[in-house]
Amino acid sequence: MSTTQTQTQNKLSVQSQSVEHCLSDVVKQDDWSDFAFAPIREATVSRAMTSRYFKDLDKFAVSDVVIIGAGSSGLSAAYVIAKNRPDLKIAIIEANVAPGGGCWLGGQLFSAMIMRKPADKFLDELNIPYEDEGHYVVVKHAALFMSTVLSEVLKFPNVKMFNATAVEDLVTRPADDNSQHVNVAGVVTNWTLVTQNHDTQSCMDPNVIELSGYKDNGERDLSQKHGVILSCCGHDGPFGAFTVKRMASIDSSKSYAGMKGLDMNRAEDAVVKNAGAYDKVGSVYFAGMEVAEHAGLNRMGPTFGAMAVSGIKAAEDILKHFAA
Ligand code: AHZ
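Residues numbered from 1 in each chain as written. Predicted model: local features only at pLDDT ≥ 70, side-chain atom pairs only at ≥ 80, totals over all residues. Heavy atoms only, no water.

You'll find the chain entered in an unreviewed UniProt entry as Thiamine thiazole synthase, with Kluyveromyces lactis given as the organism. Under the Sequence similarities (unreviewed entry) heading, UniProt states for the chain: "Belongs to the THI4 family." Checking UniProt for the chain, the heading Subunit (unreviewed entry) contains the comment "Homooctamer." (UniProt positions renumbered as here; feature names shortened; annotations may be inferred.)

Below, the structure is given as structure tokens:
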């Protein structure tokens, strides 16, 4: 390309057209030959990362809300809770390196994401553009929704996401009525790569995030609200439906119904209606496709309205718990 670059008053120009970018006032020559970053020591980089990470581990060792799974439902819920209650400590645990769950593409690896109304209200709140098709709207790429909700959630100072970290068990306490049932009082975490290798290595013990509202001896501190877990692990898969399956294995009163076949109309309404508090376990809530696994509902396939709206409904329930 016969591009003539000149520099006028410190501004780059291409074929006499002024090129404006964030470094226009920093770059001294159009060939960038004297460009240099500010100096740094390698140890400074290490300390800048690790000191913050360990500070976060310390800060969130007791959390008010632990969200398991950073897919479309978990992040929608996180947005609503964090926006309404900046005083609550919200830890998001995501097994994958890349958060987002199944919401980087629409169906069958196509890009567009469908949301049925009234889920468009959530898109409006996040300023995400879409095409209005009457009863439903189309976001041009699912990644546009995911990247926006993810960045909004991560901006909240009271939210920390621990990614590449799996919840591999639950912290349990005897139920308040002293029956054989359990309350959930926290999550047991590990690096996902460690969780995936428990069968190939000798014991690699995990870490724990405890819910707020317990005394040193593990009893409930009735002077404060107890923290909650919102499980948004998606449907059955390598990690999916984690909390539903684990609860069924540790509490005989709980069952794992399993997700039924695809029926968009039935599935989306039902997932929203059944999202929220888990029966008789005061500290556990569900949203997203894990609701279908828990309640034996149909799946909806590639329509995402119920993911956002079930997250909003579960968030509403959790906000009510902390407000009461
Ligand atoms: O990595 C998982 C994913 O990002 C994460 N996750 C699952 N188990 C975990 C664990 N510890 C930590 N034990 C865990 N993280 O949870 C996230 C779930 O995201 P998702 O997008 O799979 O679930 P969702 O319910 O938010 O959205 C489901 C989207 C679907 S599936 C579907 C269908 O199959 O019909 N239709 C829709 C809209």
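Draft legend 1. Representation of the overall build of the chain within the structure. The secondary structure content of the chain amounts to nine helices and 18 strands. Taken over the C-alpha atoms alone, the chain extends approximately 80 × 55 × 45 Å along its principal axes. Counting only contacts in the chain whose residues sit at least 6 apart along the sequence, the fraction spanning at least 24 positions is 66%. As presented, the chain carries roughly 17,000 Å² of accessible surface, and 54% of it is formed by carbon and sulfur atoms. Once the 30 positive and 38 negative side-chain charges of the chain are each reduced to a mean point, those two points are 3 Å apart. (Helix = DSSP H or I, 4+ residues; strand = E, 2+ residues; numbered from the N terminus. Contact = heavy atoms within 4.5 Å. Areas by Shrake-Rupley, 256 points an atom, 1.4 Å probe, with all protein chains shown as cover. Lys, Arg positive; Asp, Glu negative; His and termini not counted. Charge placed at Lys NZ, Arg CZ, Asp CG, Glu CD.)

Draft legend 2. Layout of the sheet that holds strand 8 (residues 131–132). Taken together, the three strands give an open sheet; going across it, the order is 7-9-8, and neighbouring strands pair in antiparallel fashion. Unpaired on one side and paired on the other, strand 7 (113–116) and strand 8 mark the two borders of the sheet. As defined by bridge partners, strand 8 adjoins strand 9 (residues 136–139) across two bridges and the pair is classed as antiparallel. Bridge pairing links Asp 132 to Val 137 in strand 9. (Pairing = 2+ DSSP bridges.)

Draft legend 3. How the structure looks around the sheet that holds strand 4 (residues 62–63). Taking strand neighbours across the sheet as the criterion, the four strands line up as 4-13-12-11 in an open arrangement whose pairing is mixed. On the outer flanks of this sheet lie strand 4 and strand 11 (165–174), each paired with one strand and no other. With nine bridges connecting them, strand 11 and strand 12 (residues 182–191) associate as antiparallel partners. Each bridged residue has a counterpart across the sheet, and for Ala 166 the counterpart in strand 12 is Asn 190. Sitting on the sheet, helix 6 (residues 242–250) is in contact with strand 11 and strand 12, with an inclination near 35° to strand 11. (Axes fitted to C-alpha atoms, helices over the stretch in contact; angles between N-to-C directions.)

Draft legend 4. Spatial organisation of the pattern of salt bridges. If you walk through the whole model with that rule in mind, you get 13 salt bridges. The partner of Arg 173 in a salt bridge is Glu 210, and the shortest N-O contact between them spans 3.9 Å. Linking Arg 173 in strand 11 with Glu 210 in strand 13 (residues 207–211), this pair joins segments that are 37 residues apart in sequence. The partly exposed category is assigned to Glu 210, whose relative accessible area is 26%. Between Lys 215 and Glu 219 there is a salt bridge, with the nearest N and O atoms lying 4.0 Å from each other. (Salt bridge = Lys/Arg side-chain N within 4 Å of Asp/Glu carboxyl O. Buried < 20%, exposed > 50% of the residue type's maximum accessible area, 1.4 Å probe, protein only.)

Draft legend 5. Quick look at the UniProt feature "modified residue: 2,3-didehydroalanine (Cys)" (unreviewed entry) in the chain. The feature "modified residue: 2,3-didehydroalanine (Cys)" (unreviewed entry), as annotated in UniProt, sits at Cys 203 in this numbering. With respect to the helices, strands and loops of the structure, Cys 203 is situated in the loop between helix 5 (192–195) and strand 13.

Draft legend 6. Geometry of the site of the ligand. Looking at the ligand, there are 28 residues lining it, with Ser 73, Glu 94, Gly 102, Arg 299 and Gly 301 nearest. Gly 101 is positioned with one of its backbone polar atoms (N or O) 3.5 Å from an oxygen atom of the ligand. Here Gly 102 contributes a backbone N or O atom positioned 2.8 Å from an oxygen atom of the ligand. Coverage of the ligand by the protein chains reaches 91% of its 790 Å² of free accessible surface. When residues in the shell around the ligand are grouped by element, the largest group, three residues, is from strand 11. (Near = heavy atom within 4 Å. Polar contact = N/O pair within 3.5 Å; in protein donor to acceptor, adjacent residues only side chain to side chain.)

Draft legend 7. Local environment of the state of the cysteines. All told, the structure shown has zero disulfides when counted by the stated rule. Of all cysteine sulfurs in the structure, the one in Cys 233 sits closest to Cys 232, which takes part in no disulfide; the separation is 7.5 Å. Look at Cys 233 and you get buried, because its relative accessible area is 19%. (Disulfide = S-S within 2.5 Å.)

Draft legend 8. Seen up close, the nonpolar core. Formed by 82 residues in total, the largest nonpolar core has its most connected members in Val 65, Ile 90, Ile 92, Met 115, Phe 145 and Leu 230. No other element matches the eight residues that helix 9 (residues 305–323) contributes to this core. Residues in contact with Ile 90, not counting those within four places in the same chain, are Phe 60, Val 65, Ile 67, Ile 81, Ala 82, Asn 158, Val 159 and Lys 160. (Core = buried A, V, L, I, M, F, W, Y, C linked by side-chain atoms within 4.5 Å.)

Draft legend 9. Quick peek at the UniProt feature "binding site: substrate" (unreviewed entry) in the chain. Taken from the UniProt record, the annotation "binding site: substrate" (unreviewed entry) applies to Ser 73, Glu 94, Ala 95, Gly 102, Val 167, Asp 205, His 235, Met 289, Arg 299, Met 300 and Gly 301. Across 229 residues, the annotated set is spatially dispersed, with a maximum C-alpha separation of 37.7 Å. Note on placement: Glu 94 falls in strand 6 (residues 90–94). Judged by its relative accessible area of 7%, Glu 94 is buried.

Draft legend 10. Structural view of the pairing of strand 9. Pairing between strand 7 and strand 9: four bridges, direction antiparallel. Looking at the pairing, Met 113 lines up with Val 139 of strand 9. Connecting the antiparallel pair strand 8 and strand 9 is a turn made up of three residues, with Gly 134 showing a positive phi of about 95°.

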